[in-house]
Amino acid sequence: MFGKLDLSAIPLSQPIPLITSAVVILLALGVLVLITVKGWWPYLWRDWITSVDHKRIGVMYCLLGVLMLIRGFADAIMMRTQQAVAINAPGYLPPEHYNQIFTAHGTIMILFGAMPLVLGFMNFLVPLQLGVRDVAFPTFNSVGFWLTASGALLVNVSLFIGEFARTGWLPYPPLSETAYTPGVGVDYYLWAVQISGVGTLITGINIVTTVLKMRCRGMGYLRMPVFCWTALASSLLIVAVFPVLTATLAMLTLDRYLGFHYFTNTAGGNPMMFVNLVWAWGHPEVYILVLPAFGIFSEIFPTFSGKPLFGYRSMVAATLFICVVSLMVWLHHFFTMGAGAAVNTFFGISSSIIAVGTGVKIYNWIFTMYGGRVRFETPMLWSMGFIFTFIIGGLTGVLLAVPPADFLTHNSMFLVAHFHNVIVGGVVFAIFAGLEFWFPKVFGFRLHEGWGKTAFWLAFIGFWVTFAPLYILGLQGMTRRLQHINFDVWAPWLYVSVAGVGILVLGVIAQVTQLVVSIRNREKLRDVTGDPWDGRSLEWATPSPPPFFNFAVMPNVEGEEAYWGIKLRAVETQQLSPEPAYEPIEMPLNSPVGIYTAFSPRSSVSR
Amino acid sequence: MTNIELPASQEAIRRVREDPHRLGHRAHGADEPVEGAGHGATGPASKRILVGYGFWIFLLSDIVMFSCFFAAFAVQRDATAGGPTIGEIVDIPRVAFETAALLLSSYTCMLSFAAVNARNRLWTEIFLFITGLLGLVFVLLELQEFIELAMRGITPQRSGMLTSFFGLVGLHGLHVTLGGMWLATMMAQVLIKGFRREVVHRLICFNLFWHALDIVWIGIFTIVYLMGSGA
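Nothing here was measured: the structure is a model prediction, and the numbers come from that model. (Residues numbered from 1 in each chain as written. Chains lettered and ligands numbered in written order. Predicted model: local features only at pLDDT ≥ 70, side-chain atom pairs only at ≥ 80, totals over all residues. Heavy atoms only, no water.)

Draft legend 1. Region of the structure containing the overall build of chain A. Scanning chain A from N- to C-terminus turns up 19 helices and 0 strands. Its C-alpha atoms put chain A at 75 × 55 × 45 Å along the principal axes. Looking at chain A as a whole, 57% of its 607 residues are labelled buried. Restricting to contacts in chain A with at least 6 residues of sequence separation, those with at least 24 account for 83%. Total accessible area computed for chain A in this model is approximately 24,500 Å², and 72% of it derives from carbon and sulfur atoms. With 33 positive and 29 negative side-chain charges, chain A shows a spacing of 3 Å between the two charge centroids. (Helix = DSSP H or I, 4+ residues; strand = E, 2+ residues; numbered from the N terminus. Buried < 20%, exposed > 50% of the residue type's maximum accessible area, 1.4 Å probe, protein only. Contact = heavy atoms within 4.5 Å. Areas by Shrake-Rupley, 256 points an atom, 1.4 Å probe, with all protein chains shown as cover. Lys, Arg positive; Asp, Glu negative; His and termini not counted. Charge placed at Lys NZ, Arg CZ, Asp CG, Glu CD.)

Draft legend 2. Quick look at the domain arrangement of chain A. Residue and element names in this part refer to chain A. Looking at chain A, the domain boundaries give domain 1 (15-44) and domain 2 (50-577 + 591-606). Using C-alpha coordinates to define each centre, domain 1 is positioned 28 Å away from domain 2. Contacts between the two partners involve 6 residues from domain 1 and, on the opposite side, 6 residues from domain 2. Of the roughly 480 Å² buried at the junction of domain 1 and domain 2 (both faces included), carbon and sulfur atoms supply 80%. The three residues of domain 1 that bury the most area against domain 2 are I16, P17 and S21, which together make up 66% of that side's buried surface. Connecting domain 1 to domain 2 are 0 salt bridges. The residue makeup of the side of domain 1 that touches domain 2, split by class, is 4 nonpolar, 2 polar and no charged. (Domains from an automatic or database assignment. Buried area = accessible area lost by both parts, 1.4 Å probe. Salt bridge = Lys/Arg side-chain N within 4 Å of Asp/Glu carboxyl O. Nonpolar A, V, L, I, M, F, W, Y, C, P; charged D, E, K, R; others polar.)

Draft legend 3. Representation of unusual backbone geometry within the structure. Residues and elements named next belong to chain A. A cis amide bond links P173 with the next residue in sequence, P174, at an omega value of 0 degrees. Tracing the backbone through its elements, the reader meets P174 in the loop between α5 (138-160) and α6 (185-213). Looking along the chain, the bond that leaves S544 and enters P545 is cis, with omega of -15 degrees. Mapped onto the elements, P545 comes out in the loop between α16 (522-525) and α17 (562-573). Here R481, not a glycine, exhibits a phi torsion of approximately 60 degrees, which is positive. Among the residues examined, R481 registers a relative accessible area of 34% and is labelled partly exposed. Within the chain, Q574 stands out as a residue other than glycine whose phi angle is a positive 55 degrees. Counting through the fold element by element, Q574 comes out in the loop between α17 and α18 (593-599). In this structure Q574 comes out as exposed when scored by relative accessible area, which is 68%.

Draft legend 4. Up close: the interface of chain A and chain B. Taken residue by residue, the interface counts 37 residues in chain A and 38 residues in chain B. Taking both partners together, chain A and chain B bury about 2,800 Å²; carbon and sulfur atoms supply 68% of that area. Considering only the side of chain A, the residues that lose the most area to chain B are K213(A), R217(A) and Y262(A), jointly responsible for 21% of the buried surface there. Taken together, the links from chain A to chain B amount to 11 residue pairs in polar contact (both at pLDDT 80 or more). Among the secondary structure elements, those contributing two or more residues to the side of chain A that touches chain B are α6, α7 (226-258) and α8 (271-305) of chain A. By residue number, the principal contributor to the side of chain A that touches chain B is α7(A), which donates 9 residues. Here the residues of the side of chain A that touches chain B sort into 24 nonpolar, 9 polar and 4 charged. (Polar contact = N/O pair within 3.5 Å; in protein donor to acceptor, adjacent residues only side chain to side chain.)

Draft legend 5. Representation of the packing of α7(A) against helix α9 (residues 312-325) of chain A. Residues and elements named next belong to chain A. α9 packs onto α7 with a crossing angle of 10 degrees between their chain directions and a minimal axis gap of 9 Å. Relative to α9, the element α7 is oriented roughly parallel. Seen from α7, the contacting residues are V226, W229, T230, A233, L236 and L237; seen from α9, they are Y312, M315, V316, T319, L320 and C323. Here the contact of α7 with α9 is composed, by residue class, of 10 nonpolar, 2 polar and no charged. (Axes fitted to C-alpha atoms, helices over the stretch in contact; angles between N-to-C directions. Parallel < 35°, antiparallel > 145°, perpendicular 65-115°, else oblique.)

Draft legend 6. View of the packing of aromatic side chains. With the rule as written, the count across this model stands at 64 aromatic pairs over all chains. Taking the centre distance of 5.5 Å and the plane angle of 55 degrees together, the rings of W182(B) and F209(B) count as tilted. You can see W182(B) sitting in helix α6 (residues 160-193) and its partner F209(B) sitting in helix α7 (residues 197-229), a full 27 residues away along the chain. When its relative accessible area of 8% is taken as the criterion, F209(B) is described as buried. Note that R56(A) overlies the ring of W48(A), its terminal NZ or CZ placed 4.5 Å from the centroid. Over the aromatic face of Y221(A) sits the side chain of R215(A), whose NZ or CZ is 4.1 Å from the ring centroid. (Phe/Tyr/Trp six-rings, centres within 6.5 Å; stacked < 30°, edge-to-face > 60°. Lys NZ or Arg CZ within 6 Å of the ring centre and 35° of its normal.)

Draft legend 7. How the structure looks around the nonpolar core. Ranked by internal contacts, the top residues of the largest apolar core, which has 222 residues, are W281(A), W365(A), F165(B) and Y225(B). The greatest single-element share of this core, amounting to 19 residues, is contributed by α8(A). Apart from residues lying up to four places away in sequence, W365(A) is in contact with F294(A), F297(A), S298(A), F301(A), L309(A), M315(A), F386(A) and I387(A). Listed in part, the 6 residues of the second largest apolar core include M78(A), M79(A), Y98(A) and I101(A). (Core = buried A, V, L, I, M, F, W, Y, C linked by side-chain atoms within 4.5 Å.)

Draft legend 8. The packing of α5(A) against α6(A), seen in detail. All names here are of chain A. For the pair α5 and α6, the least separation of the axes is 8 Å and the interaxial angle reads 160 degrees. Viewed along their axes, α5 and α6 adopt a mutual orientation that is roughly antiparallel. Seen along the crossing, α5 lies across α6 with a hand that is left-handed. Along its contact with α5, which presents F140, N141, V143, G144, L147, T148, S150, G151, L154, V155, V157 and S158, the element α6 presents Y188, W191, A192, I195, S196, V198, G199, T200, I202, T203 and N206. (Left-handed = near helix turned anticlockwise from the far one by under 90°.)

Draft legend 9. Quick look at the pattern of salt bridges. Residues and elements named next belong to chain A. Using the criterion set out here, one finds 16 salt bridges over all chains in the structure. Its salt-bridge partner being E377, residue R375 comes within 3.7 Å of it at the nearest N-O pair. Notably, a salt bridge pairs K567 with D531, separated by 2.6 Å at the nearest N-O pair. Placement of the pair is K567 in helix α17 and D531 in the loop between α16 and α17, with a sequence separation of 36 residues. Judged by its relative accessible area of 18%, K567 falls in the buried class.

Draft legend 10. α17(A), seen in detail. Residue and element names in this part refer to chain A. Helix length check: α17, at 12 residues, gives a terminal C-alpha distance of 17 Å against a target of 16 Å (1.5 Å per residue), a fit within 8%. Taken as a whole, α17 has its buried residues at A562, Y563 and K567. All buried residues of α17 project into a common sector of 135 degrees when viewed along the axis, lining one side. Looking one or two residues past α17, Q574 carries a phi angle of roughly 55 degrees, positive in sign. (Expected span 1.5 Å × (residues − 1). Arc of directions from axis to C-beta.)

Draft legend 11. Examining the state of the cysteines more closely. What the rule picks out here adds up to 0 disulfides over all chains. C216(A) forms no disulfide, and the closest cysteine sulfur to it belongs to C228(A), at a distance of 10 Å. For C216(A), a relative accessible area of 0% translates into the label buried. With no disulfide of its own, C109(B) lies 12 Å from the sulfur of C205(B), the closest cysteine sulfur. We classify C109(B) as buried; its relative accessible area is 0%. (Disulfide = S-S within 2.5 Å.)

Draft legend 12. Molecular detail of the confidence of the model for chain B. For chain B, per-residue confidence averages 87 on the pLDDT scale, and residues scoring 70 or more make up 84% of the total. For this predicted complex, the interface score ipTM comes out at 0.90, alongside a pTM of 0.91. (pLDDT = per-residue confidence, 0-100.)

Draft legend 13. Geometry of a nonpolar patch on the surface. Residues and elements named next belong to chain B. Together, L122, W123, I126, F129, I130, L133, L136, L140, L143, I147 and M151 line one region of the surface with nonpolar side chains, adding up to about 1,100 Å² of accessible area. Turning to its location among the elements, F129 is positioned in helix α5 (residues 121-151). We classify F129 as partly exposed; its relative accessible area is 47%. (Patch = residues over 30% accessible without salt bridge, like charges linked within 9 Å, V, L, I, M, F, W, Y side chains within 5 Å.)

Here it is in structure tokens:
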């Protein structure tokens, strides 16, 4: 029943995971006891766990994502401090533990932190912005979320029982084959990512169908908010590449469990096939994350500039351009692995060209601000911080896309700095901007302005102090994933970097404080209008929080920026729209199918 | 029927006749938009169209997954590691029989859906049963092939080529097996629940799934077996 696991899988001899496990288990038990004592179970079961409401599922996705961001950040703190103390010294993390930490950090941050947050935003916003009452398949949506949650649970269980993979976040064979990694770590990785990948695919199918087939009357394609366009592009990529991940992981699973020879280096297996397949998923995956982030910024810039988005149609074209070209750049992840000059040239050119689409977007956002009445509120600060950070990250990316330059920087700290520059600067800044922006819509009260700005400045400065030194270290020749360091010349920059992590910790504390302060002052921060920022798209036409049916009467859209148009008309005619005719509507029932599918051991057999 | 007094109902009848499932065939021209098709600015599509559309998207993703296994076979086709080559393991007569059974089952599957459209429970069940039977023949023949190969010591563990061969063909066989279970479930649902709206929607999805498996099989038959036998 327990397979390879026995009692020795519990890390009794290793104090760090043991103490962490104990604290986490105690916290989890505490939460469960609190829920039981307060009698919240019926409420949780009825209003959240079995809910098929896209807004509730979106909120649960974001909650999961935020928890996992904190978990991944803990891993990051350990890595940076280890590298700062392990200069001509062993440090405090043994190699086998350190390797698990950088693997878990990458896996968790991308697949269980950023992905759930992005999917959460898409879930919450797309139906509201399209003026409809739910996604196309509400119960299916719940199944998708709970599968992702059970994958996240598996990754975290590996902390207490057994171990996690030590292979890096993409388990390259032959290292990840049974011959070289016989333990349970890679198995945890495979099952966790496979299960959550199926959940992501389900959400992708749902969003594609919703955007293409469920827009309210009058909402033609070129009247959709840009966020819906980016959600569509991102979901199309999910549908196109997550099956590739499923197939690749299934092949590695067959290799490990049944002795197949897909990726072994014996008997005609082909390890390079894994590298190609996994990056054919992996590169589009970063665009799956960053396209909705671009969508979030495309909502924030017009709102806080008091102007329509500059170049709406070019924004749509750039989104779809990135969507298509992102499928043609994967080989730039391994220019050094012997593809030859002609192939490297093709992928070098395609990787440089994809920056053009992003460049169009950056100019559009800047021109949106130009001549507008810019309000420097917290979401806008994150967005402007994003433009600065993302441009630098994009420029270093174009540098890496040139194969001869890549040969010098491949797998160096320069690369680490680059992708954190675009993923933190792009996706994470977008997530925080979006959380600030839509929080009043979701919960009915604003977040505290002062703490929000504090959190932004700490995160922005902390980010640069942490990652700018890594660029320098990379150019000085430091490779990634080093457990200890033997060169004193790197020491000063590693100390600067760990100081940056300290600033980021303060930023996280500021974010948590902001949340606590805002909840305590929620009556003062209450959003009574449903439109706290003078918004432009349909979600602001609903009360905050929106009722479960979203719209009592389905809107009829008459132009771009649907809600802005309604407001302008009301101002011009000095009267509100006439009272609509209310009709009975059909809403889906709650369903426990999702949680049963994800967590019941019998479900896979008996259903 | 009095067409003269009721032009609106006449219009509705014409539309039902020309576009019974509101697929929006008339929406692209100069004519007025069709409601319930989800095209352009006409508002959300009907549930029937949503279900079919969503399932198509799933099928596309499933075909992408198959494409990875096809790619693996293409890469590893000559990686025999000193073992048997693809030309030595394919048995064209049996596979031709398998192919015939599967293609025929697609035809009977379509007939069952014609019976669903006529709301004829008996013929629906009969054609679904024949479809399932032909699917079973296909799976059993494939199983026989696998067992005979294994008796000759030809297993996926032998070489990269055999790994990708068994992986690709086996994945398709697994799909047909799961499809067969789905088919049995649908037969029971038609028997017990009749042609309820959601049962008909599931039958639409099942039909799409079964035909998609045929398309994938044609790829396997051509690329693995026919091209393999010539090798």
